[in-house]
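Here are the chains, one letter per residue:
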Amino acid sequence: MPVSLLPRLAVLGRCISRLTLVLAFLSSPLTALAGDEESSFTLQGFGTLGVARSTTKDVEFVRDLSQRRGIVDEWSPAIDSVLGVQGSWRINPQFEAVAQATGRAGSRGGFTPELTWAYVKYDPTPYLSLRAGRLGTEFFMLADSRWVGYSFLTVRPPGDYFWYLPFYGIHGGDAAVSANVGEGVVRGKVFYGLSRGKIPLASEDWNINGSPMMGAYLEYQIGGWHLRGSYANLRFEHDLPIAQVLPSPLTLSTAAANFLQTRGKRTHYYSLGVVYDQGPWQAQLMLNHIEQGTEALESSDGGYGLVGYRIASVTPYLGYSWVYSHERATPLGFDPVTTGVIRYVRQDSHTDQKTTFIGVRWDVVRNVALKAQWDAIRGASDSYFPYRKDHRATWDGKTNIFSLTLDFVF
Amino acid sequence: MRQRLLLCLSFCWLLLQPLAEAHAELVVVVNARSGVAAMTRNEVINVFFGRSRQYFNGVEAQPVDLVDSHPDRARFYNALIGKDVAEVNAYWSRQVFSGRLQPPTKVNSAEEVIKWVSSRPGGIGFVELAKADARVRVVHEFGSAPGTLANK
């Protein structure tokens, strides 16, 4: 070993031991249980170790479109494994500062840690809550905790409902107001911000940085019931990298590029959700409609139903989800080659499939759950949008996904 | 004969003792000066699940929970909404990691619950009925059998 490396290693060693001490101090119960009037610091985390496989080589199955690569018919930890850590500093009963980092299979492959949340929360009164900074988005019910496997029943949130949501965060703010109505609680929230990140598209990226996003929801909770209606929209700041990903011999003419532009186009998201969670029963019903403003993508409807029943620490569940997109009329006034390109691009966002899923969650010990699930995906052979690396010639729209996960919080 | 009967009776009493303890009634208590006289089950749910942070009279609710290892925690959530501790913790993991809110502070014993509730105007917690003293007011009672309620 070169001599010059030794002092550096010693420094690194000291840093690690200091960091360990700091972490041990921060996560000690004394600080976590500090009284409500004093300032306190809490360190908490969540994670999932998961493996999954499909029964096809024709497409790669992904959890949502933020993943560049998916899984095929071999067991792989790539799509579900995640680790998240949150540090939250309660400055006083009104102010809180939170930072949360998540490491998961990144858009470039590999394990990429990312600062997913960093915000300040201010609650001026018990019924008003304001946040500003880097925030997760609640496009649909439960969308902002999609990676916290321990918090939900299934292995992953139903794909037919969440595939379309590769958007995770904004730089912006939100405001939530709640009011007691009878024995229940009504809560409304509005958010606005500039989205961040890139959506992988073949070997390219669709830049969504700076795209303004806004939304609102209204919910009512009483006893075991939770109802929510929400609306959100996003106006894309950049065009899809269509020219770069078109397979030869297709090329993008100026006419086609203008017709298929996404820059300046707005997508609207509507959703309705009902959750019942009381006694041994858990049930969810969610519906969404996505209206694409751009001619490049097809609008869609999706939904799912899920029912689980807990027996001691084991909860078997059964669900059904669906998503289908609406084929657009062939555009008029273009030459046959341009029409062909437009048709090809639109096909890429076509979806038409249903999934039956069955699984079991077992709460093994405190804060640890084991899950096993089988998804039977039955779709049309032109259902491409939810997948990566589709081989259009051989894909028949049908596959099965087998998943095993270990979810934990700490 | 009489001795044997006494022995038998005391043995039975010993056997039944843990059972009686397990069925000691849990109640929800608030600070005696909070101005809250009674709460329905749904109102208690709203406060303990962080949905609502104030009572009908505008006083801010300051709930306190027990640590996971305390048996009354499991009994409370089972009586309140029929949920396991694991399910309650799953609920809180969603709230925490989506940045909505932190769970109530957890303490180790019923004595600490009473201390918490009586030292804060909006304090609210749950203890066995026998532990509720003059510093707190009982606002909700659960039936002795799990899952049944005596709504006020």
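**Student:** Whenever I open this one, the overall build of chain B confuses me. Can you help?
**Tutor:** In terms of regular secondary structure, chain B is built from five helices and six strands. Helices and strands appear in chain B in the N-to-C order α-β-α-β-α-α-β-α-β-β-β. Split into buried and exposed, the 152 residues of chain B put 41% on the buried side. The contacts of chain B with a sequence gap of at least 6 include a subset with a gap of at least 24, amounting to 66%.

**Student:** Sorry, what's going on with the overall build of chain A here?
**Tutor:** From N to C terminus, chain A includes six helices and 20 strands. Among the 410 residues that make up chain A, the fraction classed as buried is 39%. In chain A, of all internal contacts separated by at least 6 residues, the share reaching a separation of at least 24 is 60%.

**Student:** Any chance you could explain the interface of chain A and chain B here in plain terms?
**Tutor:** A common way to report how large an interface is uses the accessible area buried once the components associate. Every contact between the two is made by 39 residues of chain A and, on the other side, 28 residues of chain B. Elements that contribute at least two residues to the side of chain A that touches chain B include exactly β1 (40-53), β3 (82-90), β4 (95-105), β5 (111-125), β6 (128-136), β7 (169-181), β8 (184-195) and β11 (212-222) of chain A. Here the side of chain A that touches chain B is composed, by residue class, of 13 nonpolar, 19 polar and seven charged.

**Student:** Even after reading the chapter, I still don't get the domain arrangement of chain A, so can you show me in this structure?
**Tutor:** Here chain A is described as being made up of domain 1 (1-33) and domain 2 (39-409). The C-alpha-based centres of domain 1 of chain A and domain 2 of chain A are spaced at 37 Å.

**Student:** Please explain unusual backbone geometry as it appears in this structure.
**Tutor:** Negative phi characterises most residues that are not glycine, and trans characterises most peptide bonds. Residue and element names in this part refer to chain A. That bond from serine 248 to proline 249 is cis: its omega, 10 degrees, falls within 30 degrees of zero. Position of proline 249 among the secondary structure elements: in the loop between α4 (242-245) and α5 (254-259). Positive phi values are uncommon outside glycine, yet lysine 389 reaches one of about 55 degrees.

**Student:** How should I be thinking about the nonpolar core in this particular structure?
**Tutor:** In globular proteins that are soluble, nonpolar side chains generally tend to be buried together. Val28, Val29, Leu80, Val113, Val117 and Val127 of chain B are the most contacted members of the largest nonpolar core, which totals 46 residues. If near-sequence neighbours (up to four positions away) are discounted, valine 117 of chain B is found in contact with Val29, Val30, Asn31, Val64, Gly123, Ile124, Gly125 and Val136 of chain B. If you look at the next biggest cluster of nonpolar residues, it comprises 44 residues, including Ala78, Trp117, Leu135 and Leu165 of chain A.

Conventions used here
Along each chain, numbering runs from 1 in the same order as the chain's sequence is written. Labels are handed out in written order, letters beginning with A for the chains and numbers beginning with 1 for the ligands. For a predicted model such as this one, the threshold for reporting local features is a pLDDT of at least 70, and the threshold for listing and counting side-chain atom pairs is 80 or more; totals across whole chains, interfaces and linings nevertheless cover every residue. Note on conventions: DSSP H or I runs of at least 4 residues are helices, E runs of at least 2 residues are strands, and numbering of each starts at the N terminus. Buried residues are those with 20 or more other C-beta atoms within 10 Å of their own C-beta, exposed residues have 12 or fewer, and partly exposed residues lie in between; C-beta atoms are placed from the backbone. Note that contacts rest on C-beta atoms placed from the backbone: two residues are in contact if these are within 7 Å. Throughout this entry, Asp, Glu, Lys and Arg are counted as charged residues, while Ala, Val, Leu, Ile, Met, Phe, Trp, Tyr, Cys and Pro are counted as nonpolar. The remaining residues, Gly among them, count as polar. Boundaries between domains were set according to an automatic or database domain assignment. Nonpolar cores are built from buried Ala, Val, Leu, Ile, Met, Phe, Trp, Tyr and Cys residues. These are joined into a set through C-beta atoms within 7 Å.

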